[in-house]
Every structure is written in structure tokens, then in C-alpha cells.
Amino acid sequence: GEPDMSTISIRLPDSLHKMAKTIAAEDHVSMNQFIASAVAEKVSALTTESYLKERAERASADKFRSALAAVPDSEPENFDRQ
């Protein structure tokens, strides 16, 4: 079925509102769709950033070195040589 939806009222500076309206019209989407996708993009960027930061904090140079040590030493194939 339809996803649950919330209605919010936002205040935008006139200049930002005009620019958003123009872009939405050029993309043939409603202002509602434009704003929803803008929020989704920002949420995605921030959650990815915090996820990567968390991963980086859990990583360690020792783990990296032990993973690297597990890679067998071998000569590169001819097509991989510079």
C-alpha cells in the first residue's frame, strides 16, 4: 500500500523558494517531490558519512596490516604491469 506520510510546513527564504520552484519545474516534478528528494539526499549523505566514520573508528592499522599479510605475494600479470 501507500507509505505512511507526514505533512510538514516549512519556511524558506523567498530566493531559495524561487530557485527550488524553478528547478522542480525544469525536472517536471512537484515541489513536494523535489523537497522530499532533497531531504532524502541529505539524510542519505549524513547517514553514510556517520556509518563510514564509525567504521573508520573501529578499524585499526594492526587489522589492516594483518589483512595485508594474509594476501599472498605474487608477481602481477602482464596486463597489470605499468
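Residues numbered from 1 in each chain as written. Predicted model: local features only at pLDDT ≥ 70, side-chain atom pairs only at ≥ 80, totals over all residues. Heavy atoms only, no water.

On to the overall build of the protein chain. Within the protein chain, the secondary structure is distributed over three helices and zero strands. In the protein chain, the succession of helices and strands from N to C terminus is α-α-α. For a compact globule of 82 residues, the expected C-alpha radius of gyration is about 12 Å, and the protein chain comes in at 23 Å, more than 25% above that figure. Oriented by its inertia axes, the alpha-carbon framework of the protein chain measures out at about 60 × 35 × 35 Å. Among the 82 residues that make up the protein chain, the fraction classed as buried is 2%. (Helix = DSSP H or I, 4+ residues; strand = E, 2+ residues; numbered from the N terminus. Rg over C-alpha atoms; globule rule 2.2 N^0.38 Å. Buried < 20%, exposed > 50% of the residue type's maximum accessible area, 1.4 Å probe, protein only.)

Let us now look at a nonpolar patch on the surface. Together, I8, I10, L12, L16 and M19 make up a nonpolar patch on the protein surface, roughly 490 Å² of accessible area in all. Position of L12 relative to the elements: it lies in the segment before α1 (14–26). (Patch = residues over 30% accessible without salt bridge, like charges linked within 9 Å, V, L, I, M, F, W, Y side chains within 5 Å. Areas by Shrake-Rupley, 256 points an atom, 1.4 Å probe, with all protein chains shown as cover. Salt bridge = Lys/Arg side-chain N within 4 Å of Asp/Glu carboxyl O.)

Time to look at unusual backbone geometry. Its identity is not glycine, yet H28 carries a phi of approximately 55°, on the positive side. Looking at the secondary structure, you find H28 in the loop between α1 and α2 (31–58).

A few words on the environment of R81. In this structure, R81 sits in the segment after α3 (61–69). Measuring from C-alpha to C-alpha, the distance between R81 and R58 comes to 34 Å, with 23 residues separating the pair along the chain.

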